Every structure is written in C-alpha cells, then in structure tokens.
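Listed here are the chains, written in short residue letters.
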Amino acid sequence: MTKQSTLSKIRTVFILLSIICLFVAVVFMRQFVSTDEDSSMSGPVYKGEVQHRVLLLCSYTSQYYTFEPSIEGLKNSLDPNGIEFDVMFMDAKKHASNQDVETFHDYFIQRVNIKTDYDGVILADDEAVKFAMKYKEELFTDIPIVFFAVNNMTLSQMAVERYDMYGFYENDYLMDTIELSMRLLPDRKKYYAIHDNSPAGLADMVLYNRAKNKHSDYQFNEINVAKIPFEKLYEELKSIPNDAVLIYMTCFKDSSGVVHSTNEMTNIITNNVKLPIMRNFASGYVDGVLGSIGMDFTAQSYAAGALMANILARNPVEDNYLSIDTTYSSEFDYSLIKKFDIDEKAIPDDAVIFNRPRTFIDMYGNILPSVGMIFLSMIFLLLSAYVTVLVGRATNLELLKSKEELEKSQEKIKYQAEHDDFLDILNRRSAVDFLRENLTLKNVYSILMIDIDNFKDVNETYGHQLADEILKYLSLSLEEMSNERNWMIARYGGDEFLVMVPKEQLEENSETVVEILDLFRTPIPVGDETIIMSCSIGISVSDGTTLPDQHIINAEIAMYEAKQRGRDKAFRYSEEMKKRIREENKVKAKILEAFDNDGFYMVYQPQVDAVTKEVTGFEALVRMKEAGLYPNVFIPIVESSGWVGRLGRKTTELVIKQLANWREDGYKLHPVSINFSSNQIGDTGYVDFIKDLLSRYNIPGRYVEIEITEGLFLERTEQAEKLFDQFKELGIKLLMDDFGTGYSSLGYLTYIPVDYVKLDKSLVDSYLVEGKDAFIKDVIQLVHDIDKQVIVEGVEEKWQYERLRHFGADKIQGYYFSRPVMPDEAIVFEAKDK
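Here is what the cut-offs are and how they apply
- Residues numbered from 1 in each chain as written.
- Predicted model: local features only at pLDDT ≥ 70, side-chain atom pairs only at ≥ 80, totals over all residues.
- Heavy atoms only, no water.
- Helix = DSSP H or I, 4+ residues; strand = E, 2+ residues; numbered from the N terminus.
- Rg over C-alpha atoms; globule rule 2.2 N^0.38 Å.
- Buried < 20%, exposed > 50% of the residue type's maximum accessible area, 1.4 Å probe, protein only.
- Areas by Shrake-Rupley, 256 points an atom, 1.4 Å probe, with all protein chains shown as cover.
- Lys, Arg positive; Asp, Glu negative; His and termini not counted.
- Charge placed at Lys NZ, Arg CZ, Asp CG, Glu CD.
- Pairing = 2+ DSSP bridges.
- Axes fitted to C-alpha atoms, helices over the stretch in contact; angles between N-to-C directions.
- Contact = heavy atoms within 4.5 Å.
- Parallel < 35°, antiparallel > 145°, perpendicular 65-115°, else oblique.
- Nonpolar A, V, L, I, M, F, W, Y, C, P; charged D, E, K, R; others polar.
- Core = buried A, V, L, I, M, F, W, Y, C linked by side-chain atoms within 4.5 Å.
- Patch = residues over 30% accessible without salt bridge, like charges linked within 9 Å, V, L, I, M, F, W, Y side chains within 5 Å.
- Salt bridge = Lys/Arg side-chain N within 4 Å of Asp/Glu carboxyl O.

In this section: the overall build of the protein. Scanning the protein for helices and strands turns up 31 helices and 28 strands. Taken over C-alpha atoms, the radius of gyration comes to 38 Å for the protein, far larger than the 28 Å a tight globule of 834 residues would show. Summarising its shape, the C-alpha atoms of the protein cover approximately 120 × 85 × 60 Å along the three principal directions. Residue burial in the protein is summarised as follows: out of 834 residues, 47% are buried. Carbon and sulfur atoms make up 49% of the accessible area of the protein, which amounts to about 43400 Å² in all. Placing the 90 positive and 131 negative side-chain charges of the protein at their respective mean positions leaves the two points 1 Å apart.

Right under this line is the structure:
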C-alpha cells in the first residue's frame, strides 16, 4: 500500500468523523429547537369537531390569583379531547351573603340551561361547590360534576358521598411553610401572621396556632386585617421587628368588608416591611416575597379536566372519587435568598428559584454540545485539509484558486449591487446612501441633477444600441471629469446623472457648470454624420439647514425648470420653486378630497403561471378618479405628506371588499397582492385593521398577499419582524418587491420571511440579453434552492416570457399578458398566446 493511498484513507476517516460530529451537532440542535417549540405550546391541539361542552363555575373572578393557572390546566386536558368550556364567576369574595347567592341563582337560571347547553360541570373552589350542593336537585341533576381547589375536607367529603360529585381536595401547606422558614432562618424567633376573617383565613389561623403550640420557644403574633382600620395597616406592618418572619396567609377582606386583590395586598405588604416574607400559596414569582409553598393549581385543574374527559368518554371512573394527594410547588426569590444570607442548600431541591443571575451555562448550556461537536467537526476538517496538502499541493492550489474566484464573485456581486451595470458608476440608491452618510449640515457642497436633453429622440432615431453607446460615452467623459476633481457621480435614472461637487456653491454660470454643459455639447461622430447633444442641469447648494435628500429633490425640480426654459442650460433652485409647491398643494387638496369622498379605485394586473398560463393571482394598483392625477403624480405627494398609512388602509379595504364581491358573484378567488410601503411600518394598528376586514368580509388570509420592498426586510428591526410574524399568523404571504433595484443580495434571502421574490423589470431588461441571461437563470435557481418562488415583473415580449419559462420562473406579470385592468375584466381574464 503506497503512502499516498494510506494518507487518502486517513483523510477519508477524518472527513467521516467530521460528518459524524456535524450530524451529532444537528441532532443536539434539533432536540434543543424541539424543546423550545414544545415549551411554547400550551398542549396538544385537537383538530376535530367539538365533542362536548362543559361549564366551569368559579367561586371568585378572573382576577383571583388561581384563575390563570387553573385555566391553563383545564385547556391542556380538555382541548385535546375536543371539549370546550365556558366560564361563569360568582365573585364570592365580594358577594358572599345568602342574598348574593340567591341573586346569582336567579342570574344563573336566566343565562344557563344546563341540560341543553352542557354535558358536564366543573367547580372551582369552595363557594361553587356549596352552590352546586344547594341547588343540586333544581339545576344539576343527571349531569357529571367535578370539583377542585376545595380546602374544606368536610365539604369535599360531603359533596362526593352525598351529592355524587367527583373531586380534588386542596391541601394547605402552612405548616410546611413555617417549618421550612425555621430551617432557612434559624436565628429568627419571632413570627407574625397576616390574615383576614374569611373561612380560608381562619382555617390558616387554626394551623398557625398549632405551630405556635408546637414551638413554644418561638414567639407567634398575628395581624388580622379584618379587625384594624385599613388605613392603619401600613403602621402595623412597619411596626413589625426587622428580625422577625412574616407569614403571608389568606388576606383579602379588610375591616370595612372591602375585598382587595392579591396584587394590591402583596404590594402593600412588600412595600412596608423589610423582613423575610413567606407564603403558603404559590406567589407567582412576585418580587418582595422570599418564598412560598403552595398547591400547583395548574396540575390539579389538569387532573380535574382529565377526569371530566374520562367521564364524558364513558371510561371507568371510581365511584365517590376524592383525591387528597395534592401536587405542590415552591418558589424562592434569589435576590432575597442572598439578602437574608440563606444557605441555598437548605432550599428544597424541587424549588423554582427566580431572579437568579444567568450564568454562561444558563444562557448557552443547551447549545454547548452542538458547538463542541461543530468544533470537533472543524478540527477533523482541518486535519483532513492538512492531509490533503500532503497528498498533493495541486489540489490545495486548486481549492485556493476556487476560493479566490468565490471572493471575487462576492466582491463583484457587491460591486454590481452598488453600481449601475451598464455605465459602471454608482447607482441611485448607493449615491443617496453615500450623501446621507458623508454630508452634514456644516459641509459646503453643491448637488447637480443632469439630464440629457431629447435622449428619447436619439433612441427612436438611431436605435437603442447606438443610443446606449452615446450614453456610455457621455457617462465616461463626465466620470473622468469627476475623478479629476473628486466629485461623486451616479446614474440617477435612465439618462439622468447625480453629481456632488464638494467645497463649492455653484451658480448657473459658474465655470464648473459651464464645463459640464460644454462637455455634453461636444459633437459625437456617428458614421457619416455628427450628433450634438445637450443637457439640462438643476443645482441645489448647501445652506446649513437642508438635508442631502431634500437637495436632491430641489436639484431635480431645478433641472425640470431648466428643461421648461428651453433645455441646454442650468438652473439653480430658488424661492421661485415655491410656485411649484403651490401646485403640489392643489394636488394635495384633491388627494384629501379623494380620501373623504371615495376618490380612489383599484386596477388589477394578472399574474400568470409560467407553465400552464393559468391566472394564479393579481397585483392591486391604486388609481385616482380625478382626471389627470396618475400614480406618478399623486403617490410621491402622498409619501412626502405622510399619508402612506392612510392610503395603505384605503387600498387594503378596497381589495378585500373586491374579493368579497367576486365571491358573491360566484367567481373563483385568487390571491391579490397589496403594496406595503416602508413608510407604513409606523402604522402599528394596520395588522388589527386588516384582521378586522378579513373577519368582517369572511375572507381567508391566504387570498391576501403583501408586497414589501427589500429595504424593509434588510432593516430587521424588532418592529418589522413583529409585523412579519403577525402577517404570517393571519395566513398572509409576503412578497419581496422590486428585487434587483437596490441591495439585491442573495445571501439575506435565506433568513427573511418571504414566500415570493419579485424580479424587477430593470433586472430583466439589464440581464435577459444574450451573454448575460445566465445570471437571471442563476438567480431563479438560487431562489428555488431556498424554497421560495419567483415572480418576474415587466415582461412585455413573447421571447422574454419563453426564456423565463425555460429558466424555471414560477409566475409572469407584465404587459405581454395584460395591462392592469378593472375588476370585472380582471376576474374573467384568461392568458392567450400572442
């Protein structure tokens, strides 16, 4: 066996080990992800029809501290069995008199018919059980009843033995709480109990006195909130010695009979004492309470729900079933453990400790095995690479060459994203970003907007190919001048250039401006004739108050003014431009009138399946009923006026109404995409608005799609990501619009939540040509590789459609099939060969 062969086998072993480590890492990671997903679920989801309905009768209200965990447990046990439940509240904390019970009885009779509405009854806490026992013959005959969280044993036994109920007794952990406090705080010999005169509060005091009799070497005191004026409670609390321990028991009703919430009483107690506070009920991670031992209401309510499910399923259930085994939970505040210098080892092993500072292991422990496996995988890969070097340097050189080509390719893609592909100068977006990042109000500079005069005539007279060559020649000449003088130059539009001249405030007759005008007037020989071009220049100079973005707008306005004044000249933005603003104000008034008087309507451009030519959806485009106000006129004004959110809501409502109309007319519905501007991100109520519309018109979310430009995806703000998640929850798909006009990086497509990528017409026009169309094919393939679909916009020619279909494009949109049309025409549109 040759040395090279041996090394090759060793290399293979290293690679296999690397793959195994990577596989193990993925297994760990999937387990970690699955665990997170499982933990975020409230339980299995039943997807069939509802099998039974149950009434949950609560003794108190939804504000009572046991309500939420009880509801969680019931949902987890009832929902998977197809059992729905309604909730009624007795509010017995405030209304516990016989008259109150009679009043609730009358209310109950008016609202509920047990025999027809429900298959079972679940009772929560003692007062609900007493109510059911009192009116068993009248209201609850021949229906299964299960109770839980009843802390009166006599009542529990009576309900089971005499009234044929099933139930779960609620143990009181007061003795355990006191015993644990003595172990944790052995130096504190004074104990204070705070309670009320409710049945639960008095039951707590019976146990508290037992502890008092048992531990004669301790001093036991009490504060009964039912015997002291509520306004003096603060003084009572503050008078407790700091070396004592406060046992916080049932404590809701004060001396005036006013019932206070758990949160209110807890805040009063924790804000007025500086000593350890212990509870015999689950505190729910409340700051200020050292610890608690209490019944796990989620677990017991889950068991009650499971028992009801078994009964309704006619599974065997023990007669006179009463469970007295209570699942408990204990909670401790880490910050208070440290404050009172408690030995953490003395705390029960199963206790939940909250407010604990997160360690490195806490934060990253779940992924450390995966990281370790990945690290080992990398080690084995490095070893295999080293062996590969030993096998042959030629392979290594080839890999190095491939790496260099890949880096060059990435640099090229980045360069192409920032530069105009045809003229090889900065594109519009990159230029604007450059000015924003590099110019401040203190800088002195001039912004020039340069537009070639009558360039359309050159296209029509000499053809696109020659016109392109002339454009490239003029761009190169302007670029040479810019490079010599350290200007910034960019292609702003088809035949428009944006130039930034630093350290100068140019006038219309400045030498620099004259040189640029002369450059464009230079005769260009074309065969036997000579073409003389010209340009119009708009100038806006820094003034210490205006931002670069506005200077670009001002320069563009000035450029159009130069054209209106005869072309082949420059014009500097001035106060006269305000006249144009007045005209814009007239348009604004018409836009506002349109908002108030149904002045907008929608047209729909079909999206066609590239293979079957079947209509798969539409893009909705807004129009104004006012004659002469086209989208390119009113939309920029809407954006600059901050009305994008209002227009977005108007177009959304029109589209969803139209979907409902189509459905009412008997037509098959297709998804309709609605454009969503990045300026709408501030409309925080938009999702609720569209959700209300979908519900009102009974339109499933899958028939609405949202088109968002790539810039909003790239920002990756918390607000944007929350918005995307909310759209997904409604079943609305997301489309990336205008791909190819801005950043156009394929890398970020792997993590943004889009379903479709729309290739912009400019990308098709630039690359769907001989010698470059492989780029379009590669883009489509890469989008498919990351499980997204491609819609191509702006398809106007049959050969473009056929080429894109060959490249695997999913959907086609453009004038080749149809222009944007009215709703009645759109819904019956069928693609035809041309």
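Having seen the model, we can carry on.
Attention now goes to the sheet that holds strand β16 (residues 496-502). Across the sheet, which stays open at both edges, the 5 strands sit in the order β15-β16-β14-β19-β20 with mixed pairing between neighbours. Edge positions in the sheet fall to β15 (488-491) and β20 (570-572), since each of these pairs with one other strand and no more. Ignoring strand direction, the axes of neighbouring strands in this sheet form an average angle of 20°. Across 3 bridges, strand β19 (residues 535-541) lies against β20 in parallel orientation. Note that in β20 the partner of I539 across the bridge is R572. Packed on one face of the sheet, helix α19 (residues 464-485) meets β14 (445-452), β15 and β16 and runs near 160° to β15. Across the sheet, helix α21 (residues 548-564) touches β14, β16, β19 and β20, and the angle it forms with β19 is around 145°.

Attention now goes to the packing of helix α18 (residues 455-462) against α19. The geometry of α18 relative to α19 is characterised by a closest axis approach of 7 Å and an angle of 140° between their N-to-C directions. In terms of orientation, α18 and α19 fall into the oblique class. Two secondary-structure elements touch here, α18 through F455, V458, N459 and Y462 and α19 through H464, L466, A467, I470 and L471. When grouped by side-chain class, the residues that make up the contact of α18 with α19 number 7 nonpolar, 2 polar and no charged.

What follows deals with the pairing of strand β22 (residues 615-624). Of all 10 residues in β22, 9 are buried; the element is thus mostly enclosed. The pairing of strand β21 (residues 600-609) with β22 spans 9 bridges and is classified as antiparallel. Each residue of the ladder has a partner; that of Q605, found in β22, is E619. In this structure, the hairpin formed by β21 and β22 is closed by a connection of 5 residues, where K613 is found at a positive phi of approximately 60°.

What follows concerns the nonpolar core. Within the largest apolar cluster, 79 residues are counted, with the highest numbers of intra-cluster contacts made by I591, F600 and I706. Top element by residues in this core is helix α24 (residues 644-664). It accounts for 8 residues. Those residues in contact with I591 that lie beyond four places of it in its chain are F600, M624, F634, I637, V638 and W643. In this structure, A124, L185, V259 and L312 belong to the second largest nonpolar core, which totals 59 residues.

Neighbouring strands of a sheet are bound in pairs by backbone hydrogen bonds; such pairs are parallel or else antiparallel. Read from one edge to the other, the open sheet built from 7 strands follows the order β7-β6-β8-β9-β10-β12-β13, with strand pairing classed as mixed. Of all the strands in the sheet, just β7 (219-224) and β13 (352-354) have a single pairing partner and so form its edges. Averaged over all adjacent pairs, the angle separating strand axes in this sheet is 20°, with direction ignored. Across 3 bridges, the pairing between strand β12 (residues 328-333) and β13 is parallel. Its bridge partner lying in β13, E331 is registered against V352. Sheet contacts for helix α11 (residues 262-272): β6 (190-195), β8 (244-248) and β9 (277-279); angle to β8, the most-contacted strand, approximately 175°.

The element β14 is largely enclosed, with a buried count of 8 among its 8 residues. By the alternation rule, side chains of β14 split into Y445, I447, M449 and D451 and S446, L448, I450 and I452, which are all buried. Here β14 runs beside β19; their pairing, made up of 7 bridges, is antiparallel. When the bridges of β19 are listed, I452 appears paired with C535.

Here we take up a nonpolar patch on the surface. A surface patch of nonpolar side chains, amounting to about 400 Å² of accessible area, comprises L22, V26, I374, M378 and L381. Top contributing element to the nonpolar patch by residue count: helix α15 (residues 368-391), with 3 residues. The topology assignment puts V26 in helix α1 (residues 3-40). Residue V26 is classed as partly exposed on the basis of its relative accessible area, which comes to 41%.

It is worth stressing that arrangement in space is one thing and function is another; only the former is reported here.
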